[in-house]
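This is what each chain is made of:
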Amino acid sequence: MINEVNFFSYFFSSLVAGYVMMAVDIMMDGFLGLFGTYREYLNIIKQFGMFNGFEDVIMVLGHMINSVVLALFFVHPAVYRRLPFKGGIAKGIVFGAFWHVCVVLFLFITSLGGAKFSITMMSASLSSQVSLFLLHLVWGAVLGLLYWQKD
């Protein structure tokens, strides 16, 4: 199955998707009362006393690494083939929506177990929750737009 993954396309599309997701969040900060979730991540990093003085760099690197790692699920042939639509942006948007649901379920379950990060994320405002959903759709759309399977 690994032979079916276009690794250059996967790596490139995942990096660009992670970058675009962050860029949209930063550039659209305040649009219709949405976006700007990067500030919440920075506050969480600071709240836990992690990476003092390097919080902004860690946030960017963390999102880029997350994008590369999590895009593995999208490009895996068993997943990619089962997503509706022939390919492209629509396939990516469906994946982004599905991924967001998985993230929320994970945060909900772990918050019930007392995970402080998850509790903090689940207590975010409705506008932040909507923003994160939209940002995951953007991430998925860019993945779907840029990723090309091997022929």
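To keep things clear, this report deals only with the structure shown in the data block. Not measured: the values here are computed from a predicted model.

Some remarks on the packing of helix α1 (residues 7–27) against helix α3 (residues 55–75)
And then number 1: Close contact between α1 and α3 brings their axes to 8 Å; oriented N to C, the two are set at 130 degrees. Taken together, α1 and α3 sit at an angle that is classed as oblique. Where α1 crosses over α3, the handedness of that crossing is right-handed. Counting all contacts with α1, which are made through Y10, F11, S14, L15, A17, G18, Y19 and M22, the residues of α3 involved are M59, V60, H63, M64, S67, V68, V69, A71, L72 and V75.
And then number 2: Among the residues making up the contact of α1 with α3, the classes are represented as 14 nonpolar, four polar and no charged.

Focus on helix α2 (residues 37–47)
And then number 1: Within the sequence span of α2, burial applies to T37, Y38, L42, I44 and I45. Buried residues in α2, looked at end-on, bunch into an arc of 160 degrees, giving them a common side.
And then number 2: Where α2 is buried, its residues touch α1, α3, α6 (116–122) and α7 (126–146).
And then number 3: Following α2 by one or two positions, G49 has its phi on the positive side, about 65 degrees.

Thoughts on the nonpolar core
Looking at soluble globular proteins, one finds that nonpolar side chains tend to be buried together.
And then number 1: Ranked by internal contacts, the top residues of the largest apolar core, which has 23 residues, are Y10, F74, V75, F95, W139, L143 and Y147.
And then number 2: Looking at this core, the elements with two or more residues in it are α1, α3, α5 (88–112) and α7.
And then number 3: Tallying contributions element by element places α7 first for this core, with five residues.
And then number 4: Residues contacting V75, with those up to four places away along its chain left out, are V5, Y10, Y80 and Y147.

Looking at the packing of α3 against α5
And then number 1: In contact at an axis separation of 11 Å, α3 and α5 are set at 120 degrees when each is read in the N-to-C sense. By the criterion of interaxial angle, the relationship of α3 to α5 is oblique. With respect to the hand of their crossing, α3 and α5 are arranged in right-handed fashion. Only K91, G92, F95 and W99 of α5 make contact with α3, whose side of the interface consists of L70, F73 and F74.
And then number 2: Each residue belonging to the contact of α3 with α5 can be placed in one class, and the counts come to five nonpolar, one polar and one charged.

Focus: the pattern of salt bridges
And then number 1: Tallied over the full model, the rule gives two salt bridges.
And then number 2: When the shortest N-O distance is used, the salt bridge between E4 and R81 registers 1.9 Å. Here E4 is found in the segment before α1, whereas its partner R81 is found in helix α4 (residues 77–82), with 77 residues between them in sequence.
And then number 3: Of the charged contacts, one joins D29 and R39 as a salt bridge, the two residues approaching to 2.6 Å between their closest N and O atoms. With D29 in the loop between α1 and α2 and R39 in helix α2, this pair connects stretches of sequence that are 10 residues apart.

What to know about the packing of aromatic side chains
And then number 1: Taken as a whole, this structure holds 10 aromatic pairs when the rule is applied.
And then number 2: Consider the rings of Y80 and Y147, whose centres lie 5.6 Å apart with planes at 75 degrees: the pair is edge-to-face. With Y80 in helix α4 and Y147 in the segment after α7, this residue pair connects regions lying 67 residues apart in the sequence. A single burial state applies to Y80 and to Y147, both of which are buried.
And then number 3: With centroids separated by 6.5 Å and ring planes inclined at 55 degrees, the aromatic side chains of W99 and W139 adopt a geometry described as tilted. Taken as a pair, W99 in helix α5 and W139 in helix α7 lie far apart in primary sequence, 40 residues in all. Pair check on accessibility: W99 and W139 agree, each one buried.
And then number 4: An aromatic cluster of at least three residues, connected via ring pairs, comprises F73, F74, Y80, F95, W99, W139 and Y147.
And then number 5: Residue placement shows R39 over the ring face of Y38; its charged tip is 5.5 Å from the ring centre.
And then number 6: The aromatic ring of Y80 is capped on one face by K91, whose charged end is 4.7 Å from the ring centroid.

What counts, and at which threshold
Residues numbered from 1 in each chain as written. Predicted model: local features only at pLDDT ≥ 70, side-chain atom pairs only at ≥ 80, totals over all residues. Heavy atoms only, no water. Axes fitted to C-alpha atoms, helices over the stretch in contact; angles between N-to-C directions. Helix = DSSP H or I, 4+ residues; strand = E, 2+ residues; numbered from the N terminus. Parallel < 35°, antiparallel > 145°, perpendicular 65-115°, else oblique. Left-handed = near helix turned anticlockwise from the far one by under 90°. Contact = heavy atoms within 4.5 Å. Nonpolar A, V, L, I, M, F, W, Y, C, P; charged D, E, K, R; others polar. Buried < 20%, exposed > 50% of the residue type's maximum accessible area, 1.4 Å probe, protein only. Arc of directions from axis to C-beta. Core = buried A, V, L, I, M, F, W, Y, C linked by side-chain atoms within 4.5 Å. Salt bridge = Lys/Arg side-chain N within 4 Å of Asp/Glu carboxyl O. Phe/Tyr/Trp six-rings, centres within 6.5 Å; stacked < 30°, edge-to-face > 60°. Lys NZ or Arg CZ within 6 Å of the ring centre and 35° of its normal.

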